[in-house]
Amino acid sequence: MIISVASGKGGTGKTTVSTNLAYVLGAKGQLLDCDVEEPNAHLFIKPELAESRTVYATVPEVDVEKCNYCGKCAEICQFSAITLVGETVLTFPQLCHDCGGCKEVCPENAIFDGKRELGQIESGNKGVIEFHHGRLRIGEAMSPPLIKEVRTCTRDDKITIIDAPPGTSCPVITAMKDVDFVLMVTEPTPFGLHDLKLAVEAVKKLGIGRGLVINRADAGDDKVREYAKQEGLPILMEIPFDRKIAESYSRGQLMVEDSGEWQEAFLQLFERIKTN
Amino acid sequence: MRELLVISGKGGTGKTSLTAAFASLADNKILCDADVDAADLHLLMTPEIKETADFKGGSQAYIKREVCIQCGLCMEFCKFDAIGWEFVVDKLNCEGCGVCHYFCPEKAIELWEKTCGEWFVSSTRFGSMVHARLGIAEENSGKLVTLVRQEAKKIAEKKGLELIITDGPPGVGCPVIASLGGVTAVVVVTEPTVSGIHDMERVIRLAENFKVPVMVCINKYDLNPEQTESIIRTIEKKGITFLGKVPYDPAFTQAMVDGKTVLEYAPESDAGKAVVEIWNRILRSPEMNTITELILN
């Protein structure tokens, strides 16, 4: 089973929910931090990241000996990643989507595979908890290819928890596509509600089952609950605003670490996800 | 003309609430919401929309079934798994690369220009604002960010405004990179949490890559005073200007519920006073008053 934890708005508590959930699942689960632009789950799980590998995108390089300057590569590229200026072929690897068009279309076989570093995938364990995350290279614009790569760490024999990036566009879609359940996390504020609505629309487009966690549940107003009711979006858990929780979060502590009550609550959350 | 960009790396540190408060203090400016994915600034600005335009953000393949002979060549060429069994294009997977369109032997595949969102020019009680809405599950947020920034700049030039205040997106990827190019200075809003610090460091590295001067302010500083001190030491060691710290204050949430800035809702609060002080430091900062700017103008 794969569960994506998503929110629309950043800072509502995605990482709090995904890390605490992964912790109570223990050996049954694995945590994939797919918020590759700003991966934070490791700061709370504190795994020993024993393995690391670099992930690359394929980008075109041109063999000038073979190139006949026909310009077909520039013509097919929709992303302006390869262009012909007089008798020079310029490539802009950072714009390349790795569609392979230029290589296919080149009549002289003058285009060969180069690579652009996307970032790192680091893996390790904390006790029985299996952990993987992606870390986008600073300066790299495209996170979806790295997110896809992190998702290849999914194991069929585990309950996979994905910490998704914020927003509603391609990165979060990549982290939610083909999962079994999306757990949405929001706060009961106008910003939280506004972005939750967008995120719910995105999950609907993907046709995936969903449920809601309301964090800092006693701040703000009641409009998130009203919306959830209208939408038929089940509220699976509420976490109150508690300065102690906020302070232990600031130090990188999990809620479940020394609270039997929260352990029970997160186990219940998982049971509710299964039956929803 | 100067452009101040407010970013944070981590979401939820208070970027938009602070941007809105700065907007209420600044003269002669235009606002720009570059968080096009999950734009929230309008919830505090209650903009009256004056102009709306479509954002054409890319292409999408479309297979004409009556022409298609189902040879399967497009499936072979597509690197994005975007052509499904019934020869229907999966809109979420298609990146609009056009390779299928190019190679289809029957010319059965068209490449359609796609409307990926809308952008708006509005008036607010704090002046003009350019903002946008990216369609759900759409791509090319970077292009839309570039577009709203260009429009804000055009309006500023036309009206003789001196400052653009831009509310940036979270993260360090495509939309943030599109927000950073060519701004005068960046304000990073962080919080004294392990994740706030981690993400601040990444976003500072990104800004440095783009050679944009950075300043930092800390929100909710009293949640962890020790880490607040450690952030101040870290950034001062890097030679980065520290702008000040704002205490945790539920007034921010209450102001949001009322659709107001914190300075309208609780001007006399400690948080409100801290925000005013930070804004004054931004205005006086060497980062916002560089010589290069004089040369450019």
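The structure presented is a predicted model; accordingly, all values stated were derived computationally and were not measured. (Residues numbered from 1 in each chain as written. Chains lettered and ligands numbered in written order. Predicted model: local features only at pLDDT ≥ 70, side-chain atom pairs only at ≥ 80, totals over all residues. Heavy atoms only, no water.)

Engineer: So what exactly am I meant to see when it comes to the packing of helix α7 (residues 190-206) of chain A against helix α8 (residues 223-231) of chain A here?
Structural biologist: When two helices pack together, their arrangement is given by the angle between the helix axes and by the axis-to-axis distance. Residue and element names in this part refer to chain A. Taken N-terminus to C-terminus, the directions of α7 and α8 make an angle of 20 degrees; their axes are 10 Å apart at the nearest point. The angle between α7 and α8 places the two elements in the roughly parallel class. Remark: the crossing between α7 and α8 carries right-handed chirality. The segment α7 lies against α8, with L193, L196, K197, V200, E201 and K204 engaging K223, V224, Y227 and E231. Here the residues of the contact of α7 with α8 sort into five nonpolar, no polar and five charged. (Axes fitted to C-alpha atoms, helices over the stretch in contact; angles between N-to-C directions. Helix = DSSP H or I, 4+ residues; strand = E, 2+ residues; numbered from the N terminus. Parallel < 35°, antiparallel > 145°, perpendicular 65-115°, else oblique. Left-handed = near helix turned anticlockwise from the far one by under 90°. Contact = heavy atoms within 4.5 Å. Nonpolar A, V, L, I, M, F, W, Y, C, P; charged D, E, K, R; others polar.)

Engineer: What exactly am I supposed to notice about the interface of chain A and chain B here?
Structural biologist: The parts lose accessible area when they come together, and the size of an interface is often stated as this lost area. Chain A puts 58 residues into the contact, and the matching count from chain B is 61 residues. Linking chain A with chain B are four salt bridges, by the criterion used here. Taking the shortest distance from any N to any O, the salt bridge between D222 of chain B and R243 of chain A comes out at 3.5 Å. Counting every contact that joins chain A to chain B gives 29 residue pairs in polar contact (both at pLDDT 80 or more). Looking at the side of chain A that touches chain B, the elements that each hand over two or more residues are α2 (41-45), α3 (72-76), α4 (101-105), β7 (129-136), α6 (170-176), α7 and α9 (243-250) of chain A. Per-element tally for the side of chain A that touches chain B: the top contributor is α7 of chain A, with nine residues. Grouping the amino acids of the side of chain A that touches chain B by side-chain chemistry returns 23 nonpolar, 18 polar and 17 charged. (Salt bridge = Lys/Arg side-chain N within 4 Å of Asp/Glu carboxyl O. Polar contact = N/O pair within 3.5 Å; in protein donor to acceptor, adjacent residues only side chain to side chain.)

Engineer: I'm lost on the domain arrangement of chain A in this one. Help?
Structural biologist: Domains assigned within chain A are domain 1 (2-55 + 119-275) and domain 2 (64-109). On a C-alpha basis, the centres of domain 1 of chain A and domain 2 of chain A stand 40 Å from each other. (Domains from an automatic or database assignment.)

Engineer: Honestly, the packing of aromatic side chains in this entry has me stumped. Any pointers?
Structural biologist: Aromatic ring pairs are defined here through the distance separating the ring centres and the angle between the ring planes. All names here are of chain A. Under the criterion given, the structure shown has seven aromatic pairs over all chains. Seen in terms of ring centroids, W262 and F266 are 6.3 Å apart; in terms of plane orientation they differ by 50 degrees. Their pairing is tilted. Here F266 and W262 lie together in helix α10 (residues 260-275), a separation of four residues that amounts to about one turn. Taking the relative accessible area as the measure of exposure, F266 reaches 0% and is therefore buried. (Phe/Tyr/Trp six-rings, centres within 6.5 Å; stacked < 30°, edge-to-face > 60°. Buried < 20%, exposed > 50% of the residue type's maximum accessible area, 1.4 Å probe, protein only.)

Engineer: Which parts of the structure should I look at to understand helix α5 (residues 141-159) of chain B?
Structural biologist: What sets the pattern is the α-helix's 3.6 residues per turn: residues three or four places apart point alike. Spanning 19 residues, α5 of chain B covers 27 Å between terminal C-alpha atoms, matching the ideal 27 Å at 1.5 Å per step. Among the residues making up α5 of chain B, those that are buried are S141, G142, L144, V145, L147, V148, R149, E151, A152, I155 and A156 of chain B. (Expected span 1.5 Å × (residues − 1).)

Engineer: Can you walk me through the environment of M142 of chain A in this structure?
Structural biologist: All names here are of chain A. Positionally, M142 belongs in the loop between β7 and α5 (144-151). Note on M142: relative accessible area 17%, which makes it buried. Spatially, the C-alpha atoms of M142 and E108 are 30 Å apart, while their sequence positions differ by 34 residues. Not counting residues within four places of it along the chain, the set of residues in contact with M142 comprises Q94, L95, C96, H97, R116, L118 and L136.

Engineer: In this structure, what is going on with the sheet that holds strand β2 (residues 29-33) of chain A? I would like to understand it.
Structural biologist: One key point about sheets: their strands pair by backbone hydrogen bonds, in either a parallel or an antiparallel sense. Residue and element names in this part refer to chain A. The strand order β3-β6-β7-β2-β8-β1-β9-β10-β11 describes an open sheet built from nine strands, whose pairing is mixed. The open sheet terminates on both sides in strands that have one partner only, identified here as β3 (48-62) and β11 (235-239). Between one strand axis and the next, the sheet turns through 20 degrees on average, direction left out of account. Looking at chain direction, strand β9 (residues 181-186) and strand β10 (residues 209-215) are connected through six bridges and run parallel. Of the residues in β10, the one forming a bridge with V185 is V213. Lying over the sheet, α8 contacts β9, β10 and β11, oriented at roughly 165 degrees with respect to β10. (Pairing = 2+ DSSP bridges.)

Engineer: Sorry, what's going on with the sheet that holds strand β4 (residues 109-124) of chain B here?
Structural biologist: Residue and element names in this part refer to chain B. Sheet architecture is open: nine strands sit in the order β3-β4-β5-β2-β6-β1-β7-β8-β9, paired in mixed fashion. Either end of the sheet is taken by a strand with one partner, and the two such strands are β3 (48-63) and β9 (241-245). Averaged over all adjacent pairs, the angle separating strand axes in this sheet is 20 degrees, with direction ignored. Of the strand pairs in this sheet, strand β8 (residues 214-218) and β9 are connected by four bridges, and their pairing is parallel. Each residue of the ladder has a partner; that of C217, found in β9, is G244. Here helix α8 (residues 225-237) sits on the sheet in contact with β7 (185-190), β8 and β9, set at roughly 160 degrees to β9. Packing against the sheet, helix α11 (residues 270-284) makes contact with β1 (2-7), β6 (163-167), β7, β8 and β9, and its axis sits at approximately 165 degrees to β9.

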